[in-house]
Amino acid sequence: MSMLQVTVSAMMRRKRWTILLVLIALIETGAAMVLCMLTERQETALEETMNNTTITCVITDADGLNQDNLRMATGFVDLLCGRKHEKGYFQDEYVKNVRAKAGMKLFEPQNYHLVCLLTLDSDYALTAVGGGSMTLFDGWDASVFMSDQNVCVVPEGFPADGESIEVDNGNFTVELRIIGTHTGPADNIYCPFHTMDFHDGMSYLVNADSCSFEIKDVRRLDEAKESLYEVFAKPDPNDRSVLRPAFGVRINDEIYQSTLETLKGNLRTLHLLVPVLLLIGGIVGFFASYLSTRSRLKEYAVMRCLGMRRGEVLCFALSEQLMIALVGGILGFAVGIAINGTFSLRMLLYGLGGIAAFLIGTALSVSRITWINVMQLMKTEE
Amino acid sequence: MTFFTLFKRKPVFPLFLALLLILATSLTAIGATMLFGTFRQDTQVSDEYVTIAVFPDYKAPTAAEIASGSFARRNYDPFGAHQAAMNSGFVQAVDYRYMLGAEVKGSRAIASGFLDPLNYDVDFDMPCYNMAVFAVKCTYVRNGETSTPLGEIIAGYDVTAEIIDVVSLADGYPDIYDDTDLLDIVPGEGLTYGQASVPVPATIHMQGTLFTPDGKIPFQVGKTYLIYGYYSDYKVQTNYSNSGLITGRMVSTGRDFYFIDYKAIYTNSGGFTENDEMSEVFDAAMRVKRGFKGDGTAYWYPSEEMLPRWIEYNGAWEDCLASEEGTVWREEILPLCKINQSSATVILSDNVQSMYVFNTGAGGLQDGRFFDVSDYDKGNKVCMISAAYAQWNGYKIGDRLTLDFYDTGSYNDETILRGPCLPEKKMHVTEEYEIIGIYTAPEFSRGVQLFCADTILIPKKSVPGSEAFPKRIPVALLTSLILNNGTKDSFLSYMEEAGQKDAFLCFDQNFSAAEISLDTLIQNGQRLLLIGLSILVVAAALAHFLTVRRFAPTAKTMRLLGYERRIVCRQAWSAFLAIDAVSAAFGVSLAAALFSRITEKTLSEALAPDPIVMVGCAAAVFVFLGLLSLLCAKLLSDLPLMQSAKKRGSLR
């Protein structure tokens, strides 16, 4: 009889023990795979959370006292928008949805303000909570505000003579084509943020009153912060250092960081549970196998008496455990996949880890049969 | 005691069984701990998020909207919408805030131009911070109509007067009487020191509506007066050039002027420029700017019921104040000015993070902390102030402010004004508050959800009698509905069905993003517990099966020896229970030790084993194992005594 046949025959003779051991191997493998699945689910959920999280950043003065009358050179806005790539200054790798507003009083039309916007929600008055709205004429959409076209949106009821108006702020006069109306502040005329640039690349003829943006990829938040703090200060009224940047940036990430810490803590715990599970699996395997072999010591002693060497007996016992682990493992994989509904390489590895832990436990247990004293055992039995 | 004797004789077997059960129990306990831990984590994380519903700004319809009939969309009923929301079942709480005024002893009020005169806007200062007293000499009087700050046209007069002295004016205002060298900066010609581009401001313009009892104008040319009222500068129109030079035009006179904008130079140069000359230029330019703004100051009177607001005097105004005639000025008007010039707006709240500004990130915490539950519940005397207010007054975290409250009333206006601190509004409540947080927010911006940098935030309960304050439902800044987290969309759908579409805007601080992970967290906890339980069931079945096999011969012998079934059952059960008790106790202890170690390593305090959960888990496991043991003991006591040896062996 081959070793395999002997092993199978021995297993079949002790069906109950075999079933129990297979069950343990199955639980070990299945549990490892389910734990892997839980970890993967948590990681996926965390990814999704990160994808859907918006971290708003607001530019303030360096002291953090003021954020709506900044008079900040629009070069900073260009920097955030990525319009200074050719000069090597840009932050658009880390930020998105830049909102900026710059206002100036006009001499003509008198009593009006020209408000340059980068996006429609750059002005609180035009946001949903601000209650204002903008209606653009056919053929125009909000993306025009990202451009430097000489166009404007006037308040409803604005007394315009033709299709365009001439605005004068005392320094320069520009003709702006009217492309829509708004219900925001009645003395505001809105135009694209870069309309007043004069396209000279310097873009500080108009100073931004307020600016905010979002972090492009929250996974790279630390990198983004590092990069932003090279250009902007961390607002601190007590910082009197001479060389600090002129403007600060407030990054509203407290809640996100706290949530992330909690979620990551949970994930780390799940990760640490894996070795614990494997350890417990190994110990259970050891004891189960110990009990199983304990009642068969006489059987092994007889094998030795028949001339089998210690190694061969051990090999026989091990092959039996291997067979059990194999059957249990395969069933465990099946159960794991059935519970999880998916399968991945990582799950396979976790499952294999479970089987390995079980095998190590059982191997340690059966190895003791090589130390049995045949003479004493047989004598005892007599 | 027969079964126990069996344990004693061959202790390895029960020991191994106990170990097996201990391990299974520990896995179950870890699962239970994880589940309860995730519940705690879920609560902990959820508590950090505040989902709010607030009223948007419903502006009055424009003429064009009325003409087109499209104004109906703004025709809303805040009370109806509020009631509908309260009936929705999604509202967890409502933060009915209240606005007060308070004299902050020893402080300087923040007026809109306090830091940078270019930001000056009298709308933010009226009618409290700009309360002032001047000594003037009347130079021109004209009878005619006048318009009040509210736009009413009433009979009145215009008076122009020379300013003799500023008796009382808030620190936040530029010193309009700063008689220094002026600076003229002409593009292309450089800087010229000592040559003023405009005359030093020295006059004030007054519009009055109060006449003497005999119907005459109370001011006469050439006479000197002390005047009291609300001070207002003219606005200055400014434009920037790329050199940092500001050119401007006085609104009142149309005259052009030039000066350096220090800030523009500072920021556009990409950093700080140490330049003494530049600093000097800046200082001089700022003085010029102040000078400009003081030129032709408008002046309005308080309401007619108020204190006397002018008094004619001869000689020095100080003598007038010291005289009996000046008693009211000395003892009432000047102290009142002082109170208002050191006052602040106070917002009482039960949940500061439900305010639009803080909820959406438009404002944020710069230093310290927000109020916690205990602050709100106990009404702790703690406050949050703006970074601007803190710097202007030199306050820092831990400092104490003494607030003397005035119920000044509030308005649902774009600038959200409060009234002045007047004697009849005094609440006679003075409390000392510790600064625990410094926030930044839009400093002086218009909007129904915005507040100004002068605002001090305190827990509502910290003011005695605050529960009696009326609810200001239509005032958007003072009412926030706090929704159950995760119900934003459902709430909006409900409101739409209730015919209140667009009545509210909801913000959830990105809870919808975190919710995905939180749901998974709970599900994972449940799955982990299920794994633990399934392992426990299998291990328990295995252990009890093996024990039954081991006990079977003894049980049978006992029965053959004449022991009653119940005695065999009881003895077997007690032996089982010994293993069960050891397993439950040690298993849970092992889980607690292991999991504590893990959570310490992962810094997840919320997941740390909870003693109550652990004890509960041990009890549940013990009950489960005990019942299983009872079943096994019953099986042993019911062993058939007459079966063949082969059949008997089935239990071996």
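Looking now at the side chain of His82(B). All names here are of chain B. When you line up the elements, His-82 lands in helix H4 (residues 78-86). Judged by its relative accessible area of 4%, His-82 falls in the buried class. A polar atom in the side chain of His-82 sits 2.9 Å from the side chain of Tyr-96. Those residues in contact with His-82, other than ones at most four positions away along the chain, are Val-94, Tyr-96, Ile-473, Thr-479, Leu-481 and Phe-504.

Another point: the nonpolar core. In this structure, Leu35(A), Leu273(A), Phe3(B), Leu528(B) and Leu636(B) are the most contacted members of the largest nonpolar core, which totals 89 residues. With sequence-adjacent residues up to four places away left out, Leu273(A) is seen in contact with Leu35(A), Ile30(B), Met34(B), Leu528(B), Phe595(B) and Ile598(B).

Looking now at helix H8 (residues 345-366) of chain A. Residue and element names in this part refer to chain A. The end-to-end C-alpha separation of H8 is 31 Å, in line with the 32 Å expected for 22 residues at 1.5 Å each. Buried residues of H8: Met-347, Tyr-350, Gly-351, Gly-354, Ile-355, Ala-357, Phe-358, Gly-361, Thr-362, Ser-365 and Val-366, and no others. The arc that holds the buried residues of H8, viewed along the axis, is 165°, so those residues lie on one side. Exposed positions of H8 whose direction lies more than 90 degrees from the buried face are Leu-345, Leu-349, Ile-360 and Leu-364. Residues of H8 that are buried in the fold lie against helix H2 (15-52), helix H5 (254-294) and helix H7 (310-340).

Residue and element names in this part refer to chain A. The topology assignment puts Asn-188 in strand S9 (residues 188-192). Here Tyr-190 takes part through its side chain, which lies 3.2 Å from a polar atom of the side chain of Asn-188. With residues up to four places along the chain from it excluded, the contact list for Asn-188 reads Tyr-112, His-113, Val-115, Asp-123, Val-153, Pro-155 and His-182.

This brings us to the confidence of the model for chain B. Residue and element names in this part refer to chain B. Mean pLDDT for chain B: 77, with 74% of residues reaching 70 or above. Within the model, the stretch residues 175-201 combines pLDDT values under 50 with 54 contacts to residues more than four positions away or in other chains. The complex prediction reports pTM at 0.78, with the ipTM value standing at 0.79.

Below, the discussion takes up the interface of chain B and chain A. Taken together, the contacts link 101 residues of chain B with 84 residues of chain A. For the pair chain B and chain A, the number of links is zero salt bridges. Linking chain B to chain A there are 24 residue pairs in polar contact (both at pLDDT 80 or more). Of the residues that constitute the side of chain B that touches chain A, the class distribution is 51 nonpolar, 32 polar and 18 charged.

Residues and elements named next belong to chain B. As summarised here, the arrangement of the four strands in space is S2-S21-S1-S22, forming an open sheet in which the pairing is antiparallel. The outermost strands of the open sheet, each flanked by one partner alone, are strand S2 (91-96) and strand S22 (505-507). On average, each strand axis in the sheet is inclined to that of its neighbour by 25°, with strand direction left out of account. In the sheet, strand S1 (residues 51-54) pairs with S22 via three bridges, with the strands oriented antiparallel. In the sheet register, Ala-53 faces S22, and the bridge partner there is Cys-506. Its contacts with the sheet put H4 on S2 and strand S21 (479-483), and the angle it makes with S2 is roughly 145°. Contacting S1, S2, S21 and S22, helix H12 (residues 488-497) crosses the sheet at an angle of about 170° to S22.

So, about the packing of aromatic side chains. Aromatic ring pairs are described here by two measures, namely the spacing of the ring centres and the angle between the planes. Residue and element names in this part refer to chain B. Within the structure shown, the criterion is met by 23 aromatic pairs over all chains. Summarising the aromatic geometry, the rings of Tyr-98 and Phe-469 are spaced 4.3 Å apart at their centres and angled 5° between planes, so their arrangement reads as stacked. Linking Tyr-98 in strand S3 (residues 98-104) with Phe-469 in the loop between strand S20 (455-459) and S21, this pair joins segments that are 371 residues apart in sequence. An identical accessibility class is assigned to Tyr-98 and Phe-469; each is buried. Taken together, a centroid distance of 5.9 Å and an interplanar angle of 50° make the contact between Tyr-389 and Tyr-395 tilted. In this structure, Tyr-389 and Tyr-395 share a single accessibility class: buried.

Scoring rules and cut-offs
Residues numbered from 1 in each chain as written. Chains lettered and ligands numbered in written order. Predicted model: local features only at pLDDT ≥ 70, side-chain atom pairs only at ≥ 80, totals over all residues. Heavy atoms only, no water. Helix = DSSP H or I, 4+ residues; strand = E, 2+ residues; numbered from the N terminus. Buried < 20%, exposed > 50% of the residue type's maximum accessible area, 1.4 Å probe, protein only. Polar contact = N/O pair within 3.5 Å; in protein donor to acceptor, adjacent residues only side chain to side chain. Contact = heavy atoms within 4.5 Å. Core = buried A, V, L, I, M, F, W, Y, C linked by side-chain atoms within 4.5 Å. Expected span 1.5 Å × (residues − 1). Arc of directions from axis to C-beta. pLDDT = per-residue confidence, 0-100. Salt bridge = Lys/Arg side-chain N within 4 Å of Asp/Glu carboxyl O. Nonpolar A, V, L, I, M, F, W, Y, C, P; charged D, E, K, R; others polar. Pairing = 2+ DSSP bridges. Axes fitted to C-alpha atoms, helices over the stretch in contact; angles between N-to-C directions. Phe/Tyr/Trp six-rings, centres within 6.5 Å; stacked < 30°, edge-to-face > 60°.

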